[in-house]
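Observations on the three-dimensional arrangement
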Amino acid sequence: LALSRKKASKKKRFDTKVEVELTDKEQEARQELIRNSTPTTPLEIALAKELERRNGQIARLSGEVIKLKQFISKRKQTYKRKRKEDGAPTRALSAYNIFVQDRFEQLAKENEEALMSADSDAKMRRVPPASLVARTGNEWRDLDPEKKVTFHERAKADRKRYDEEMEKYQPPERQMNKKR
C-alpha cells in the first residue's frame, strides 16, 4: 500500500511539470510580473533566489563568450599563405625526408600484403602517425653514417633536379614583365 502511494505521488509530480511554449507577449507579461512582484512565501523566495542565481550565471557566461570571441578574432590569421603555383617545380627533398618516405612506403607495402592476403585473419599493421614519425626520427639519428650516405646522394640528385627545373621555370608574373 505504501509503495503504490509513492509511485502515484511520483507520477503526479512528473505530470505537473508540463512545459508550454509562450508567445512573445505572454513571455514579456510574465517577465514584467516577476520584476514587479515581491516574493513573500518561502517557495517564492527560494524561486526568486534561484532565478537570480541563474541570471547571474547567464550574465557571467555571456561575458566569457564575448571575451572569447574577441580573443579569437584577434588570433585569426592576418596574412595569406603564399600558395605554390601550378607549374612550379616541387622542392628538393632532404636526406631525412627521403628516409621518412622510404619508411612510410615500407609500412604501406606491409599493409598491402595483408590486404591482398586471402587469409581472413591477416591483420593490418596499424601504427599511430605520431609514434611512427618519432620512431623514424630516432632510427635516422641512430643510422650508420655509411647507410646515410645513400640518402645524402639521393638528396643531392633531387637537389640537382630541382635546380634544373627552376632554371627552366618562369613564374607567370615574370613572363608578363618580360613581354612588356
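Conventions used here
- Residues numbered from 1 in each chain as written.
- Predicted model: local features only at pLDDT ≥ 70, side-chain atom pairs only at ≥ 80, totals over all residues.
- Heavy atoms only, no water.
- Patch = residues over 30% accessible without salt bridge, like charges linked within 9 Å, V, L, I, M, F, W, Y side chains within 5 Å.
- Areas by Shrake-Rupley, 256 points an atom, 1.4 Å probe, with all protein chains shown as cover.
- Salt bridge = Lys/Arg side-chain N within 4 Å of Asp/Glu carboxyl O.
- Helix = DSSP H or I, 4+ residues; strand = E, 2+ residues; numbered from the N terminus.
- Core = buried A, V, L, I, M, F, W, Y, C linked by side-chain atoms within 4.5 Å.
- Buried < 20%, exposed > 50% of the residue type's maximum accessible area, 1.4 Å probe, protein only.
- Contact = heavy atoms within 4.5 Å.
- Expected span 1.5 Å × (residues − 1).
- Polar contact = N/O pair within 3.5 Å; in protein donor to acceptor, adjacent residues only side chain to side chain.

**Structural notes on a nonpolar patch on the surface**
A surface patch of nonpolar side chains, amounting to about 330 Å² of accessible area, comprises Leu-68, Phe-71 and Ile-72. Secondary-structure assignment places Ile-72 in helix H3 (residues 42-75).

**Comments concerning the nonpolar core**
Soluble globular proteins: nonpolar side chains tend toward being buried together. The biggest cluster of nonpolar side chains holds seven residues, and these are Ala-95, Ile-98, Phe-99, Trp-140, Leu-143, Phe-151 and Ala-155. Looking at this core element by element, the count peaks at three residues for helix H4 (residues 95-116). Once you skip the residues sitting within four places of it in the chain, Trp-140 turns out to touch Ala-95, Tyr-96, Phe-99, Lys-148, Phe-151 and His-152.

**Here's the deal with the side chain of Thr-136**
Along the chain, the position of Thr-136 falls in helix H5 (residues 129-142). Owing to a relative accessible area of 2%, Thr-136 belongs among the buried residues under this scheme. The residues contacting Thr-136, other than those within four sequence positions of it, are Phe-99, Val-100 and Arg-103.

**With respect to helix H2 (residues 24-36)**
Its 13 residues give H2 an end-to-end C-alpha distance of 18 Å, which sits within 8% of 18 Å, the value for a rise of 1.5 Å per residue. For H2, the tally of buried residues reaches only zero of 13 residues, placing the bulk of the element at the surface.

**Details of the environment of Thr-150**
You can see Thr-150 is positioned in helix H6 (residues 145-168). On the basis of relative accessible area, Thr-150 is assigned to the partly exposed category, the value being 42%. Put simply, Thr-150 and Phe-99 are 51 residues apart on the chain and 9.7 Å apart in space, counted from C-alpha to C-alpha. A distance of 2.7 Å separates a polar atom in the side chain of Thr-150 from the backbone oxygen of Lys-147.

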